[in-house]
Amino acid sequence: MAFGFAELQAAAPGLIAGITTTLEVVAFAVVGGLLIGTFLALARLSPYKWLSVPAKLYVNYFRSVPLLLVLIWFYFAVPMMYNWATGRYLTIDVAFASCVVAFMVFEAAYFAEVVRAGIQSISKGQVNAAKALGMTYSQTMRLVILPQAFRKMLPLILQQSIILFQDTTLVFAIGLVDFFRASYVRGDLMGMLTPYILFAGVVYFLVSATATYGVKQLQKRLRT
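So, here is what we can say about the structure in this document. Here the structure is a predicted model, which means the values were calculated and not measured.

Calculation rules
Residues numbered from 1 in each chain as written. Predicted model: local features only at pLDDT ≥ 70, side-chain atom pairs only at ≥ 80, totals over all residues. Heavy atoms only, no water. Helix = DSSP H or I, 4+ residues; strand = E, 2+ residues; numbered from the N terminus. Buried < 20%, exposed > 50% of the residue type's maximum accessible area, 1.4 Å probe, protein only. Contact = heavy atoms within 4.5 Å. Areas by Shrake-Rupley, 256 points an atom, 1.4 Å probe, with all protein chains shown as cover. Phe/Tyr/Trp six-rings, centres within 6.5 Å; stacked < 30°, edge-to-face > 60°. Salt bridge = Lys/Arg side-chain N within 4 Å of Asp/Glu carboxyl O. Axes fitted to C-alpha atoms, helices over the stretch in contact; angles between N-to-C directions. Parallel < 35°, antiparallel > 145°, perpendicular 65-115°, else oblique. Left-handed = near helix turned anticlockwise from the far one by under 90°. Expected span 1.5 Å × (residues − 1). Arc of directions from axis to C-beta. Patch = residues over 30% accessible without salt bridge, like charges linked within 9 Å, V, L, I, M, F, W, Y side chains within 5 Å. Nonpolar A, V, L, I, M, F, W, Y, C, P; charged D, E, K, R; others polar.

1. With respect to the overall build of the protein
Consideration 1: Each helix and strand counted, the protein has eight helices and zero strands in total.
Consideration 2: Each helix and strand of the protein, ordered N terminal to C terminal, gives the series α-α-α-α-α-α-α-α.
Consideration 3: Within the protein, buried positions represent 37% of all 224 residues.
Consideration 4: Counting contacts in the protein only where the partners sit at least 6 residues apart, residues at least 24 apart contribute 75% of the total.
Consideration 5: Counting every atom, the protein has about 12,800 Å² of accessible surface; 69% of that belongs to carbon and sulfur.

2. Examining the packing of aromatic side chains
Consideration 1: This structure, assessed with the given rule, holds twelve aromatic pairs.
Consideration 2: Ring geometry for tyrosine 58 versus phenylalanine 62: centroids 4.8 Å apart, planes at 45 degrees, classification tilted. Note that tyrosine 58 and phenylalanine 62 are positioned in helix H2 (residues 49-62) at a spacing of four residues, about one turn of the helix.
Consideration 3: The class of phenylalanine 62 is buried, set by a relative accessible area of 10%.
Consideration 4: Counting every residue linked through ring pairs, the aromatic cluster contains Tyr58, Tyr61, Phe62 and Trp73.

3. Focus: the pattern of salt bridges
Side-chain pairing between opposite charges can occur once the charged atoms of the two side chains come close.
Consideration 1: Under the definition given, this model contains three salt bridges.
Consideration 2: The residue arginine 186 makes a salt bridge to glutamate 7 at a minimum N-O spacing of 2.9 Å. Placement of the pair is arginine 186 in helix H7 (residues 179-190) and glutamate 7 in helix H1 (residues 5-44), with a sequence separation of 179 residues.
Consideration 3: The residue glutamate 113 makes a salt bridge to arginine 116 at a minimum N-O spacing of 2.9 Å. With a gap of three residues between them, glutamate 113 and arginine 116 both fall in helix H4 (residues 94-120), about one helical turn apart.

4. Topic: the packing of helix H3 (residues 67-86) against H4
Consideration 1: Packing of H3 against H4 leaves a shortest axis separation of 8 Å and a crossing angle of 130 degrees. If you check the angle between H3 and H4, you find them oblique. Seen from above, H3 lies across H4 with right-handed handedness. The segment H3 lies against H4, with Leu67, Val70, Leu71, Phe74, Tyr75, Val78 and Pro79 engaging Val94, Ala95, Ala97, Ser98, Cys99, Val101, Ala102, Phe103, Val105 and Phe106.

5. Details of H7
Consideration 1: Here H7 contains twelve residues, and its C-alpha end-to-end distance of 16 Å stays within 8% of the 16 Å for a straight helix at 1.5 Å per residue.
Consideration 2: Among all positions in H7, only Phe179, Ala182, Ser183 and Gly187 are buried. Projected down its long axis, H7 carries its buried residues within an arc of 125 degrees, all on one side. Looking at H7, the residues exposed on the side facing more than 90 degrees away from the buried face are Asp188 and Leu189.

6. Structural notes on a nonpolar patch on the surface
Consideration 1: On the surface, Tyr48, Trp50 and Leu51 cluster together to form a nonpolar patch covering roughly 370 Å² of accessible area.
Consideration 2: In this structure tryptophan 50 comes out as exposed when scored by relative accessible area, which is 62%.

7. As for the packing of H1 against helix H8 (residues 193-223)
Consideration 1: One way to put it is that H1 packs onto H8 with a least axis distance of 13 Å and a crossing angle of 50 degrees. Considered as vectors, H1 and H8 are oriented oblique to each other. Between H1 and H8 the crossing geometry is right-handed. Where H1 approaches H8, its residues Glu7, Leu8, Ala11, Leu15 and Thr22 are matched on the opposing element by Tyr196, Phe199 and Tyr204.
Consideration 2: Class assignment of the residues belonging to the contact of H1 with H8 gives a composition of six nonpolar, one polar and one charged.

Spelled out as structure tokens, the structure:
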């Protein structure tokens, strides 16, 4: 059978399941990584060294190790940690759970720097004005600083999310059936590995290019 529309139609269920898994990993990693990264950013900006130093070490460490290595670590660590904490064995998809945790922890280091830069871009005058109104530090951050900072750093967050989407192909190494692995397996099974690899590359390119264009348009709108 030649590689074409009929073959892709037959492969569609597996490929759709694969792209769904990819998007789920990205969604969990972005939300979780952004939450952890925000706390890390606030800790790095803290005047207390017992908060700022560990946060700085965390960020520098995960920005200095390969993502593939982190994925493999958590592939073995997540089931062990779950068993240690609950006394039971992990019953859900180990590959999926470990990938989500690994991406969250890894991306948090990058999101932390984005959030920190966003917070520092807000003038100190707004912090002083909030203090003058009697706001606490947490209220100032939650109601005044972070909403403005997130608006400024939204394009950077989205750009990092695009990079994360591209990096999800690394889950191939631990057996998670994402879009790339689904394409690879189908191609290998049907004796059309090269066409399927090329097809997967085109899909990743189109998604990334479209998302990047959207981010650029968003940046233009935010400048006006």
